[in-house]
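Next come the chains, spelled out residue by residue.
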Amino acid sequence: MSVLPGLSRRGLLTAAGAASLGAVLAACADTGADGQAVDASASSGVDYDTVINSGPVAADDVVAASTWASAVKDAGLLKTGGTKTSEVFSIEDPATGQVSGFDAALAQALARYIIGGDDARSLLEVTQVTSDTRETMIENGQVDAVFATYTITPERAEKIAFAGPYYASGQSVMVRADESDINGVDDLAGVKVAVQSNSSSGPALDDAAPDAEQVQFTDHASCVAALEAGQVDAYVVDQSLQLSEVQSNDAVKIVGEPFTEDPYGIGLPKDSDAQAFVNTFLQTIYDDGTWNAIWEATIGAIIGGEAPEPPALGSVPGSETDAATASATN
């Protein structure tokens, strides 16, 4: 997914052909600018709740064959680590406490695939995570899975398992809206740049702009606040998070094109059967069109166009479908 250079919230909405901010947010959060319920199909042609409640449901014997999935079904709830502040990937409606977005919809569809029923939203519990807490929360069993624009890396795969990849984004540069000297990653030499600690942004920036002065913060909101306050002059992170930010923040803009390709995966417990089960779910929704419909109801409602081809499962290092075998034979 690429965004036009120097694209602000208003520019993005124009490019997407959207009539208003309220209409765009309705596609992701099911409420308009006045807080009233709005049909998401008004801007995307695909209704969010219809999509998450009409996907596949696994047969009882398929769930029973997986220890991980059986535990989720027995609990009647899929507990995930994620975000509640990303307007495109996972945003919480403060009035209802419900989350909507691309990652949220995938998690809701997975919950329904395991548990069944006709209310996928009620089957998901989201706990806010940061780049520093994602692996820990999986390892200690606080969550069943992490859906959090989570870039697959071999280093992370030493601690957890990844299903996917299910989407690909890339590192990009955000600056203040009135910035004119920084137009992309090539302009970051000597510039103070915010990055999230323990994220993939730091190493990516080391490679692309080794003379940039990195300043680490704990989370996305802190990075944006530092940029707005002038503590830093740029912020590098996955473009998906920036796309969410510019939907509601005229003080910042995205410049240049992504300078990496970051494959997103679903974080899962290592040494379990979760990866195989969730990859089966992903392949199922690839094949039956549910993944496309989720994209159209979320990301597509913002940027327009046709859904891209989802990435092949197990296609990047760290996502091998049998990680133990892969590491033993490589």
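Up top is the structure.
Attention in this report is confined to the structure presented alongside it. Quantities reported herein were computed from a predicted structural model and do not represent experimental measurements. For every chain, the first residue of the written sequence is number 1, and numbering continues from 1 onward in sequence order. Totals for whole chains, interfaces and linings use every residue, but because this is a predicted model, local features are given only for residues with pLDDT of at least 70 and side-chain atom pairs only at 80 or more, for both listing and counting. Water and hydrogen atoms were dropped before computing side-chain values, which therefore reflect all heavy atoms in the structure.

**Re unusual backbone geometry**
Moving on, step 1. In this chain, Gly 164 is followed by Pro 165 through a cis amide linkage whose omega measures 5°.
Moving on, step 2. Counting from the N terminus, the helices are the DSSP runs of H or I reaching at least four residues and the strands are the DSSP runs of E reaching at least two. Summarising the element assignment, Pro 165 is placed in strand E7 (residues 161-169).
Moving on, step 3. Residues other than glycine seldom take positive phi values, yet Thr 149 does so here, at roughly 40°.
Moving on, step 4. Relative to the assigned elements, Thr 149 resides in strand E6 (residues 145-151).
Moving on, step 5. Only protein chains enter the accessibility calculation, which uses a 1.4 Å probe; a residue is then buried when its area is under 20% of its type maximum, exposed when over 50%, and partly exposed in between. The exposure class of Thr 149 is buried, given its relative accessible area of 8%.
Moving on, step 6. Look at Asp 271: it is not a glycine, yet its phi comes out positive at around 60°.
Moving on, step 7. Note on Asp 271: relative accessible area 80%, which makes it exposed.

**What about the packing of aromatic side chains?**
Moving on, step 1. Centres within 6.5 Å make a pair out of two Phe, Tyr or Trp rings, where for Trp the six-membered ring is used; the pair is then stacked when the planes are under 30 degrees apart, edge-to-face when over 60, and tilted otherwise. Per the stated rule, a full pass over the model turns up 13 aromatic pairs.
Moving on, step 2. Seen from their ring centres, Trp 68 and Phe 277 are 6.1 Å apart, and the 55° between their planes marks the pair as tilted. Of this pair, Trp 68 sits in helix H6 (residues 67-75) while Phe 277 sits in helix H12 (residues 274-288), and the two are 209 residues apart along the sequence. Take Trp 68 and Phe 277: they sit in the same class, and that class is buried.
Moving on, step 3. Between Phe 89 and Phe 102, the ring centres sit 5.8 Å apart and the planes meet at 85°, which makes this aromatic pair edge-to-face. Here Phe 89, found in the loop between strand E2 (85-86) and strand E3 (90-92), pairs with Phe 102, found in helix H7 (residues 102-115); they are 13 residues apart in sequence, far enough to count as distant.
Moving on, step 4. When its relative accessible area of 0% is taken as the criterion, Phe 89 is described as buried.
Moving on, step 5. Among the aromatic residues, those joined into a ring-pair cluster are Phe 89, Phe 102, Tyr 166, Tyr 167, Tyr 264, Tyr 286 and Trp 291.

**Brief notes about the sheet that holds strand E13 (residues 262-268)**
Moving on, step 1. Two strands qualify as a pair provided DSSP detects at least 2 bridges between them. Pairing is mixed in the open sheet, where 5 strands are placed in the order E5-E1-E6-E13-E7. Edge positions in the sheet fall to strand E5 (124-128) and E7, since each of these pairs with one other strand and no more. When the angles between neighbouring strand axes are averaged without regard to direction, this sheet yields 25°.
Moving on, step 2. Pairing of E7 with E13 involves 6 bridges; the strand directions are antiparallel. Of the residues in E13, the one forming a bridge with Ala 168 is Pro 263. Between the N-to-C directions of two axes lies an angle of 0 to 180 degrees, each axis being a line fitted to C-alpha atoms and, for a helix, fitted only over the stretch in contact.

**Some remarks on the sheet that holds E3**
The pairing of strands in a sheet comes from backbone hydrogen bonds and takes either a parallel or an antiparallel form.
Moving on, step 1. Spatial ordering of the open sheet is given by E2-E3-E4, a layout of 3 strands whose pairing is antiparallel. Two strands lie at the open edges of the sheet, namely E2 and strand E4 (99-100), each paired on one side alone.
Moving on, step 2. Pairing of E2 with E3, which is carried by 2 bridges, proceeds in the antiparallel orientation. The partner of Ser 86 across the bridge, within E3, is Ser 90.

**Focus on the nonpolar core**
Moving on, step 1. Membership of the largest hydrophobic core comes to 53 residues, with the highest contact counts inside it found for Trp 68, Phe 102, Leu 110, Tyr 166 and Trp 291.
Moving on, step 2. With 10 residues, the top contributor of residues to this core is H7.
Moving on, step 3. Residues count as neighbours in contact if any of their non-hydrogen atoms are within 4.5 Å of one another. Once residues lying within four places of it in the same chain are set aside, the contact partners of Leu 110 are Trp 68, Leu 78, Phe 147, Phe 277, Val 278 and Phe 281. Nine residue types can take part in a nonpolar core, namely buried Ala, Val, Leu, Ile, Met, Phe, Trp, Tyr and Cys, and a core is a set of them joined through side-chain atoms within 4.5 Å.

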